[in-house]
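Below, each chain spelled out in residue letters.
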Number of protein chains: 2
Amino acid sequence: MEKKAIQDYYTEDFAHCYGCGKLNEGGLKLKSYWDGNESIARFRPKWYHIAFPGYVYGGLIASLIDCHGTGTAAAAAYKLVGREMGSEPLLRYVTASIRVDFKKPTPIDQELFLVGSVKKITEKKVIVSIELTVNGVLCAQGEVVAVKIPDNFLS
Amino acid sequence: MEKKAIQDYYTEDFAHCYGCGKLNEGGLKLKSYWDGNESIARFRPKWYHIAFPGYVYGGLIASLIDCHGTGTAAAAAYKLVGREMGSEPLLRYVTASIRVDFKKPTPIDQELFLVGSVKKITEKKVIVSIELTVNGVLCAQGEVVAVKIPDNFLS
């Protein structure tokens, strides 16, 4: 597993995200790592991230899958062109669409483990498939369609 | 528009959700209302719900669509059988799957407006389509497949 998180390569403009920005003090600060041909992330929910007492609410799961998906997309794009992660011009992705299938209630007192794999990659679009498991049990299956941020995205 | 929020009919077991539970002090406390043939909700993001400075992160949008979807499903199920919202036996729904298409960056300094409509309803399943707009501009389009909670769901 690579030691530096994908999100730690993000420039300051992209480091404020509630889900994965290292500069968002109130946020989730998800960290994704490249590992072989996959990306992985681990997350420990807070007590208040509940749907029903004892179980994680779906919005948190969608948030983690979203940020893990866009991070995986960026890392995969750099690998595709053989460039070092974070090098300029920046390759950053936003979510065009997300789908999550909830397979089982997700316990809140355990570590959530996400594994992302690239289903399809082109210059402008990456489709990432993500499994969220708890102690080896599949709790949610997600897919993120991530698109390369155009230069005028925030203008 | 009906004056009492759909979530205010939820029993205590179902009132802890981070997205819409009135008893979750740290949560979003989304309130959905039935209005004619649709359900509506309004939400004002906090400053930290950002993706990039000035714009809402996708996980919040997915969370709102999720909770608005399950609330709409419950209300629609009661209406279908002509029973008063909240009457027993309880009709409550959980999300089996969610899909969100992000159409435009969503500004964080405005009110988000959600409108839900029932695409399909059977005894066990409700499919809810949800549009999220800001000042009349469509920012996200979602679909929630909500399933009736079986008696043994949390056992």
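About the cut-offs
- Residues numbered from 1 in each chain as written.
- Chains lettered and ligands numbered in written order.
- Predicted model: local features only at pLDDT ≥ 70, side-chain atom pairs only at ≥ 80, totals over all residues.
- Least-squares fit on C-alpha atoms with pLDDT ≥ 70 in both.
- Contact = placed C-beta atoms within 7 Å.
- Helix = DSSP H or I, 4+ residues; strand = E, 2+ residues; numbered from the N terminus.
- Expected span 1.5 Å × (residues − 1).
- Buried ≥ 20, exposed ≤ 12 C-beta atoms within 10 Å, placed from the backbone.
- Pairing = 2+ DSSP bridges.
- Axes fitted to C-alpha atoms, helices over the stretch in contact; angles between N-to-C directions.

Enquirer: Quick rundown of the relation of the copies chain A and chain B? Include the residues and the values.
Expert: Of the transformation superimposing chain A on chain B, the axial component is 0.0 Å and the angular component is 180°, with the fit at an RMSD of 0.0 Å. Those values place the two copies in the arrangement expected of a two-fold rotation axis. Within chain A, the C-alpha atom positioned nearest to the axis of rotation is that of Arg99(A), 2.1 Å from it. Take the interface residues of chain A: 100% of them recur as interface residues in chain B, which is what a same-surface contact looks like.

Enquirer: Go over helix H1 (residues 58–80) of chain B with me, naming the residues and quoting the values.
Expert: Residues and elements named next belong to chain B. Here H1 contains 23 residues, and its C-alpha end-to-end distance of 32 Å stays within 8% of the 33 Å for a straight helix at 1.5 Å per residue. Of all 23 residues in H1, 20 are buried, a share of seventy percent or more. Of the residues trailing H1, Gly82 is marked for its positive phi of about 70°.

Enquirer: Just give me the short version of unusual backbone geometry, but keep the residues and values in it.
Expert: Residue and element names in this part refer to chain A. Put simply, Glu88 and Pro89 share a cis peptide bond, and its omega is 0°. Located in the positive-phi region is Lys29, a residue other than glycine, with phi close to 55°. Mapped onto the elements of the fold, Lys29 is located in the segment before strand E1 (32–35). For Asn135, which is not glycine, the phi torsion reads 50° and is therefore positive. Along the chain, Asn135 falls in the loop between strand E5 (125–134) and strand E6 (137–148). Taking the C-beta count within 10 Å as the criterion, Asn135 has 9 such neighbours and is therefore assigned exposed.

Enquirer: Just give me the short version of the sheet that holds strand E5 (residues 125–134) of chain B, but keep the residues and values in it.
Expert: On the basis of which strands lie adjacent, the open sheet formed by twelve strands has the order E1(A)-E2(A)-E4(A)-E5(A)-E6(A)-E3(A)-E3(B)-E6(B)-E5(B)-E4(B)-E2(B)-E1(B) and antiparallel pairing. If you trace the sheet from one side to the other, it starts and ends with E1 of chain A together with strand E1 (32–35) of chain B, each paired once. Recorded for the sheet is a direction-independent mean angle of 25° between the axes of neighbouring strands. Sheet topology note: the strand E3 (residues 93–102) of chain A/E6(A) ladder contains nine bridges and is antiparallel. Residue pairing in the sheet places Val100(A) in a bridge with Gly142(A) of E6(A). Across the sheet, helix H1 (residues 58–80) of chain A is in contact with E1, strand E2 (38–43), E3, strand E4 (112–121), E5 and E6 of chain A together with strand E3 (93–102) of chain B; its angle to E3(A) comes to roughly 135°. Helix-sheet contacts for H1(B) involve E3 of chain A together with E1, strand E2 (38–43), E3, strand E4 (112–121), E5 and strand E6 (137–148) of chain B, and the interaxial angle to E3(B) is about 135°.

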